[in-house]
Amino acid sequence: MIRRLLSAVALAFCTGFAAFAPLASAAASDPADATPAMTAPPALAKILASDPVFAPCPDRAFLALIVKNGARKLWLTPVTLQSGLRVIVASNGLQCSCTNCDRKVFWQNGDTYVPVLETEGYSLDVRPDGTAVSLSHQTARVSGRETYRWNGTRYALLQNELVLHSESSDSIVAAKPASRRVTFKSGASSALLDGNRLMDGFEDGFDFTAAQGQTVTLSVVRHDHHFGSFSIYDGRTSPVGKPERSTGNPIVATLPASGTYHIQVEGADDQFSTYALKLEIH
């Protein structure tokens, strides 16, 4: 999930900020309260200065100052992996405690800096054991949690989850995959999709693959009064068929193209819902 949130931070940079957000540790979630972690090497400063995500300003006059003054502190965080490899975490936000900020990890190989991970969130914990965990705001109580693992050349995604937080604290109430792959038994053309941790803002997702011209039918087998709606999307952007909110009618549609389709199931309120849907493909 790569997203771009170009906030007022970018405008502030254009009007005089010549340093990037402070990030005291790779796990820090609020750079504004942190202290400088390292001095940016000139080679890395030049890379960041030409990056459209880290420097989206139309007027790039201040970027020349960053390139010229290689010793300028860019508020980066070095992490040495247990293997001995050295990586550097960079963030482009001034206030990442309340919004998602773009973050990049670079593998330092001598004077060369190779980008090995890019995420967007309010926290990125890069650990010496080779794992990295990114948290991003989805709603007031729901965060996206992506877990990565260093594979020798880059960070590869291991798990993508939704995490529901308590209303009164940061404790985790529930966690689940952001989406599940639908599998059909041998010779079967239908599958049962179910869940018991569905809530408004804490939705369930399912992905399935089908061919152009096939007919898909998605219907409710059972649900409770906390259940909300269900939809099918092509590439998670364009709806396929009419989204069903009354739960009285199934979605029936002929697929416009071959590929992967996404089912999104939503709750009606802030109480957990238990449900089952039936997916048929012919």
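Residues numbered from 1 in each chain as written. Predicted model: local features only at pLDDT ≥ 70, side-chain atom pairs only at ≥ 80, totals over all residues. Heavy atoms only, no water.

**Observations concerning the pattern of salt bridges**
How we decide: Salt bridge criterion: a side-chain nitrogen from Lys or Arg within 4 Å of a carboxyl oxygen from Asp or Glu. Put simply, DSSP marks the helices as runs of H or I at least four residues long and the strands as runs of E at least two long, and each gets a number from the N terminus on. Burial classes follow relative accessibility: with a 1.4 Å probe on protein chains only, a residue under 20% of its type's maximum area counts as buried, one over 50% as exposed, and anything between as partly exposed.
Across all of its chains, the model carries 5 salt bridges by this definition. For R141, the salt bridge identified is with E167, shortest N-O distance 3.9 Å. Remark: E167 occurs in the loop between β8 (155-165) and β9 (172-177) and R141 occurs in the loop between β6 (131-137) and β7 (142-150); sequence separation between them is 26 residues. For E167, a relative accessible area of 66% corresponds to the exposed category. Linking D204 and R180 is a salt bridge whose minimum nitrogen-to-oxygen distance equals 3.8 Å. Here the residue D204 occupies a position in strand β12 (residues 204-210), and R180 occupies one in strand β10 (residues 180-181), the gap between them amounting to 24 residues. On the basis of relative accessible area, D204 is assigned to the buried category, the value being 5%. Linked through salt bridges whose partners overlap, the residues forming this network are K176, R180 and D204.

**Section: unusual backbone geometry**
Backbone geometry follows two general trends: most residues other than glycine have a negative phi, and most peptide bonds adopt the trans configuration. Positive phi values are uncommon outside glycine, yet T247 reaches one of about 65°. Within the secondary structure, T247 sits in the loop between β15 (238-239) and β16 (251-254).

**With respect to the side chain of T217**
Basically, it comes down to this: In what follows, a contact means two residues having at least one pair of non-hydrogen atoms within 4.5 Å.
You can see T217 is positioned in strand β13 (residues 215-223). In this view, T217 contacts P250, I251, V252, K278, L279 and E280; residues no more than four positions away in its chain are not counted.

**Concerning the confidence of the model for the chain**
Our working rule: One confidence number per residue, pLDDT, is output by the predictor and ranges from 0 to 100.
Overall, the prediction assigns the chain a mean pLDDT of 80, with 75% of residues at 70 or greater. Segment residues 69-73 is flagged for pLDDT under 50; beyond a separation of four residues in sequence, or across chains, it makes 15 contacts in the model. Counted against residues more than four places away or in other chains, residues 94-98, with its pLDDT under 50, gives 18 contacts.

**A closer look at the sheet that holds strand β4 (residues 112-121)**
Threshold: When DSSP finds two or more bridges between a pair of strands, those strands are recorded as paired. To obtain an axis, a line is fitted to C-alpha atoms, over the contacting stretch when the element is a helix, and the angle between two such axes runs from 0 to 180 degrees between their N-to-C directions.
Spatially, the 4 strands line up as an open sheet ordered β1-β2-β3-β4, and their pairing is antiparallel. At either margin of the open sheet sits one strand with a lone partner, and together these are β1 (77-80) and β4. Averaged over all adjacent pairs, the angle separating strand axes in this sheet is 25°, with direction ignored.

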